Amino acid sequence: MIWDGDAAWAALPVVLKGFGVTLVATVLGFAVAALLGLVLALVGRAAPRWVALPVGWTAAFVRSTPLLVQLFAAWVLVPGLDAPVLGVLVLGVHYAAYLAEVYRAGIDSVPRGQWEACTALSLPRRRVWRAVVLPQAVRNVLPPLGNYAVSMFKETPLLSVITVHEMVHEANTFGSTHFAYLESFTLAGAVFLLASWPTSVLVRRLEARLAH
């Protein structure tokens, strides 16, 4: 196969248009995952057992099933919802199940002396979580959160199975229309690399900085 510069130039705006959809889906999906994951972690630690157990089982089920299967299931079970909205919600719920474990580890990393000091000061439980535990826990888990954000970004092509016009979907459409798969998919791969690699480097630097 020979590289066609004209086809690549024509494919570029199409791929970048899809990149916009990919980026929005990643940002919104991760926002859902970060918030829902924190809620799941707090439920697991602070809620009554009869609430925490079924929530934990549900999160384990989500972690144990592929994202692709979850997308198909949601597409069938919620047919009236717009595909981009559905994709963001499924991404968010899927990754929330993983982020809940990340937050749990962050909460467990708070020194026991901090909890004992709060008890000695008779601080209200809500204030203990809001002012003492969560600020330290979230700081400790920032690098893993960044890694999961990059992972979500790279999994957005799966949204194409529910007709979301993200970057790989647009590259495939252009390739099939203009018989230029090499150019369109190469550009899509290059955009993924240019977007995810610097982010990964920043996450590693943040991890090294927090470790000191």
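Relevant structure appears above.
Residues numbered from 1 in each chain as written. Predicted model: local features only at pLDDT ≥ 70, side-chain atom pairs only at ≥ 80, totals over all residues. Heavy atoms only, no water.

1. Description of the overall build of the protein chain
A count of helices and strands for the protein chain gives 9 helices and 0 strands. For the protein chain, the α and β elements follow one another from N to C terminus as α-α-α-α-α-α-α-α-α. With the C-alpha coordinates aligned to their principal axes, the bounding extent of the protein chain is approximately 70 × 45 × 25 Å. The buried share among the 212 residues of the protein chain stands at 36%. Looking at the protein chain alone, contacts between residues at least 24 apart form 79% of all its contacts between residues at least 6 apart. Entry remark: accessible area of the protein chain is about 12200 Å², with carbon and sulfur atoms responsible for 68%. Each charge sign in the protein chain was given a centre, from 15 positive and 11 negative side chains, and these centres are 21 Å apart. (Helix = DSSP H or I, 4+ residues; strand = E, 2+ residues; numbered from the N terminus. Buried < 20%, exposed > 50% of the residue type's maximum accessible area, 1.4 Å probe, protein only. Contact = heavy atoms within 4.5 Å. Areas by Shrake-Rupley, 256 points an atom, 1.4 Å probe, with all protein chains shown as cover. Lys, Arg positive; Asp, Glu negative; His and termini not counted. Charge placed at Lys NZ, Arg CZ, Asp CG, Glu CD.)

2. Some points on the packing of aromatic side chains
Enumeration over the complete set of coordinates arrives at 6 aromatic pairs. Between tyrosine 95 and tyrosine 98 the ring centres are 6.3 Å apart and the planes differ by 50 degrees, which places this aromatic pair in the tilted class. In this pair, tyrosine 95 and tyrosine 98 are both assigned in helix α4 (residues 83-108), 3 residues apart and thus about one turn of the helix distant. (Phe/Tyr/Trp six-rings, centres within 6.5 Å; stacked < 30°, edge-to-face > 60°.)

3. Points about helix α1 (residues 5-46)
In a regular helix each residue adds 1.5 Å, so 42 residues correspond to 62 Å; α1 covers 59 Å between its end C-alpha atoms and thus fits that length. At the N-terminal boundary of α1, the capping side chain belongs to aspartate 4, with an oxygen 3.0 Å from the backbone nitrogen of aspartate 6. (Expected span 1.5 Å × (residues − 1). Polar contact = N/O pair within 3.5 Å; in protein donor to acceptor, adjacent residues only side chain to side chain.)

4. As for the packing of helix α5 (residues 112-120) against helix α6 (residues 125-140)
Here α5 crosses α6 at 170 degrees, and the two axes come no closer than 11 Å. With respect to α6, the element α5 is oriented roughly antiparallel. Contacts between α5 and α6 involve Gln114, Trp115 and Cys118 from the first element and Val128, Trp129, Val132, Val133 and Gln136 from the second. The residue makeup of the contact of α5 with α6, split by class, is 6 nonpolar, 2 polar and no charged. (Axes fitted to C-alpha atoms, helices over the stretch in contact; angles between N-to-C directions. Parallel < 35°, antiparallel > 145°, perpendicular 65-115°, else oblique. Nonpolar A, V, L, I, M, F, W, Y, C, P; charged D, E, K, R; others polar.)

5. Focus on the pattern of salt bridges
The full count for this structure, using the stated rule, is 4 salt bridges. Across the pair aspartate 108 and arginine 45 runs a salt bridge, and its minimum N-O distance is 2.6 Å. Within this pair, whereas aspartate 108 is found in helix α4, its partner arginine 45 is found in helix α1, the two being separated by 63 residues in sequence. Under the relative-accessibility criterion, aspartate 108 is labelled partly exposed at 42%. A cluster of three or more residues bridged by salt bridges with shared partners is formed by Arg45, Arg63, Glu101, Arg104 and Asp108. (Salt bridge = Lys/Arg side-chain N within 4 Å of Asp/Glu carboxyl O.)

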